[in-house]
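Listed below, chain by chain, are the residues.
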Amino acid sequence: MDRVLAWSLAIAAVGGLVRGTTGFGASMVMTPALALLLGARVAVPVALLLETFAAAPMIPAALALARWRAIAPICASAVATVPVGALLLGSASPLTLRRLIAATVTLFSLALLSGRRYAGAPRLRTALGLGALSGTLLGATSVGGPPVILYLLSGPDPVPVTRANLTLYVIVISAAGLVMLGAAGLLSAPTLARAAALALPFGAGVVAGGRAFARFSDRRFRQFTIGFMLVVSLGVLLA
């Protein structure tokens, strides 16, 4: 087994563990490190494919709980702007993309670690603006969730509803991102084969994370996870 594949498998397993334990963060863990190993044009679609793989089984439960009135404007705006990010992914230099991904993860890791939340009143224009930012980031870096995570966590909905909202949001924008990346020619056979090779350790990590969740303090493990994301992204940013 070559060294790049071995590291990729380990990164996918860690990303799955984070996803299974915290419910988010797989792309934030995987994309900066995979971009360093494989290049951003492979890392972004691979991370999106794995995120979709993880979220798909949660759709039935999420549909029963989600509040579409809250997430529909965000989803619509995000889907409309994913092509902007995909255009950037297809045209920017690999070094620029790698640093953009790492800087994006660093910024939102710091925001999440600080406990910051959106403090304004829910407004349609706010939802549309956040969706546009998230869609552009997702198309370019596969890390589109954090702005919406910060926004939805500050809302009045109970935790199960918020998680359902986030699950459906991730599914919608990931599907849009994959369609746009496919149209841009970035879902090549080697990229799909790479994602398939990483699906098993990623899935095993999701299962292990789900089982481990009850053994950890939710708050402390999230802080550890976000701190880990920050260390990884800073390392990639400086590499």
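Definitions and limits used
- Residues numbered from 1 in each chain as written.
- Predicted model: local features only at pLDDT ≥ 70, side-chain atom pairs only at ≥ 80, totals over all residues.
- Heavy atoms only, no water.
- Salt bridge = Lys/Arg side-chain N within 4 Å of Asp/Glu carboxyl O.
- Helix = DSSP H or I, 4+ residues; strand = E, 2+ residues; numbered from the N terminus.
- Buried < 20%, exposed > 50% of the residue type's maximum accessible area, 1.4 Å probe, protein only.
- Axes fitted to C-alpha atoms, helices over the stretch in contact; angles between N-to-C directions.
- Parallel < 35°, antiparallel > 145°, perpendicular 65-115°, else oblique.
- Left-handed = near helix turned anticlockwise from the far one by under 90°.
- Contact = heavy atoms within 4.5 Å.
- Nonpolar A, V, L, I, M, F, W, Y, C, P; charged D, E, K, R; others polar.

Quick look at the pattern of salt bridges
Should their charged atoms come close, side chains of opposite charge can pair. In this structure the tally under the stated criterion is one salt bridge. Measuring nitrogen to oxygen at the nearest pair gives 3.1 Å for the salt bridge that ties E51 to R19. Of the two residues, E51 is situated in helix α3 (residues 40-55) and R19 in helix α1 (residues 3-22); the sequence distance between them amounts to 32 residues. One exposure class covers both E51 and R19, and it is buried.

Brief notes about the packing of helix α7 (residues 124-141) against helix α9 (residues 159-183)
The N-to-C vectors of α7 and α9 enclose an angle of 50°; their axes lie 10 Å apart at closest approach. Between α7 and α9, the crossing angle belongs to the class labelled oblique. You can see that α7 and α9 cross each other, and the crossing is right-handed. For the pair α7 and α9, contact is made by S134, L138 and G139 and by Y169, I173, G177 and L181, respectively. Of the residues contributing to the contact of α7 with α9, the split by class is four nonpolar, three polar and no charged.

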